[in-house]
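One letter stands for each residue in the lines below.
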Amino acid sequence: MAYAVTDDNVRLYYEETGSGIPVVFVHEFAGDHRSWEPQVRHFGKRYRAITFAARGFAPSDIPPQVTSYSQARAADDIASVLDHLSIPAAHIVGLSMGGFATLHFGFRHPRRAKSLCVGGCGYGAEPDQQERFKDEADVVAAAIQTEGMKAFAERYAYGPTRVQFENKDPRGFLEFKQMLAGHDGLGSANTQRGVQRERPSLYALTDEMKALTVPTLILTGDEDWPCLLPGILMKQNIPTAALVMMSNSGHTINLEEPDEFNRIVSSFITQVDCGRWPVRDPRAIKKSITGMKD
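**Considerations on the state of the cysteines**
Under the criterion given, the structure shown has zero disulfides. Distance from the sulfur of Cys 121, which forms no disulfide, to the nearest cysteine sulfur (Cys 227) is 6.7 Å. The exposure class of Cys 227 is buried, given its relative accessible area of 1%.

Written out as structure tokens, the structure reads:
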């Protein structure tokens, strides 16, 4: 088994498929490195596709202290994988928790990112939702520790932005739920408390967004309600960002609509590699609605 080691001596399990320009996939809380299988099969034909299990997700290490988990650590762990593989820069593709990590990787390590695909990013970000999200993170962590992962998965998998997946692909949804049920309880609870609960609101990061020059794709399902307004916020503030919404789709978009997800991300990466990804024209940012009155 292959592991990268972080600067705090946490081993991160990784897999790689194919060769060429590297693309790193960063998974969500309810998934793991296996959640990217439809993407590895697609991108592994043309790129060096790399997946890894975040700290707290086996077969990576499960640090016992909550203090070993944070949003900054999640971003820096991506860099640790690149360092181990001697990769100067890569395309980074993340979903949900992985989308937040991808965005923060762009803030913290912009020269290491060829591009950023920030998928399903926004849970708890809105100012009036922050305390509610923190409370729910506490509930999630407590449920994991009191009920166990199997019982927890039976509840968490049916959230309002995941039922779309079940309705479209019952077999794929069952596989997703079974993988979630097999996660390590301590690692999952610590991730909720250290990463999810404590991450800063996107609305407090607009200065960092405005300074970001890495080509960026914001990608979300149009029924992923907590991510819709934050997606617009990122589009408005990141000068190199495009925003794509996948129709009639929830949160787990890479599994719910893998062909569409792969097509959108492939087109984005191709444009970046060809040097054709634009920076927003300043003329597109005016207070005037029609441009006739400043």
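**Some thoughts on the packing of aromatic side chains**
Tallying each qualifying case throughout the model produces 13 aromatic pairs. Each ring, one from Phe 165 and one from Phe 176, has its centre 5.9 Å from the other, and the planes form 55°; the classification is tilted. With Phe 165 in helix H6 (residues 163–168) and Phe 176 in helix H7 (residues 170–181), the pair connects residues that are eleven residues apart, well separated along the chain. We note that Phe 165, like Phe 176, is buried. Here the aromatic residues Phe 25, Trp 36, Phe 43, Tyr 47 and Phe 261 are joined through ring pairs into a cluster of three or more. Seen from the ring of Tyr 3, Arg 11 lies directly overhead, with NZ or CZ sitting 4.2 Å from the centre. Across the ring face of Phe 100, the terminal group of Arg 199 is positioned such that the distance to the ring centre comes to 3.7 Å.

**Examining the pairing of strand S3 (residues 22–26)**
Within S3, five of the five residues are buried, which leaves it mostly tucked inside the rest of the structure. Side chains Pro 22, Val 24 and Val 26 of S3 all project onto a buried face; the interleaved residues Val 23 and Phe 25 project onto the opposite face, where all are buried too. The pairing of S3 with strand S4 (residues 48–52) spans four bridges and is classified as parallel. When the bridges of S4 are listed, Phe 25 appears paired with Thr 51. The parallel pair S3 and S4 is bridged by helix H1 (residues 37–43), and the resulting crossover is right-handed. Relative to strand S5 (residues 90–95), S3 runs parallel, the two sharing four bridges. Directly across from Val 23, in S5, lies its bridge partner His 91.

Cut-off values and rules
Residues numbered from 1 in each chain as written. Predicted model: local features only at pLDDT ≥ 70, side-chain atom pairs only at ≥ 80, totals over all residues. Heavy atoms only, no water. Disulfide = S-S within 2.5 Å. Buried < 20%, exposed > 50% of the residue type's maximum accessible area, 1.4 Å probe, protein only. Phe/Tyr/Trp six-rings, centres within 6.5 Å; stacked < 30°, edge-to-face > 60°. Helix = DSSP H or I, 4+ residues; strand = E, 2+ residues; numbered from the N terminus. Lys NZ or Arg CZ within 6 Å of the ring centre and 35° of its normal. Pairing = 2+ DSSP bridges. Right-handed = clockwise from strand over helix to strand, strands pointing away.

Just geometry here; none of it tells us what the structure is for.
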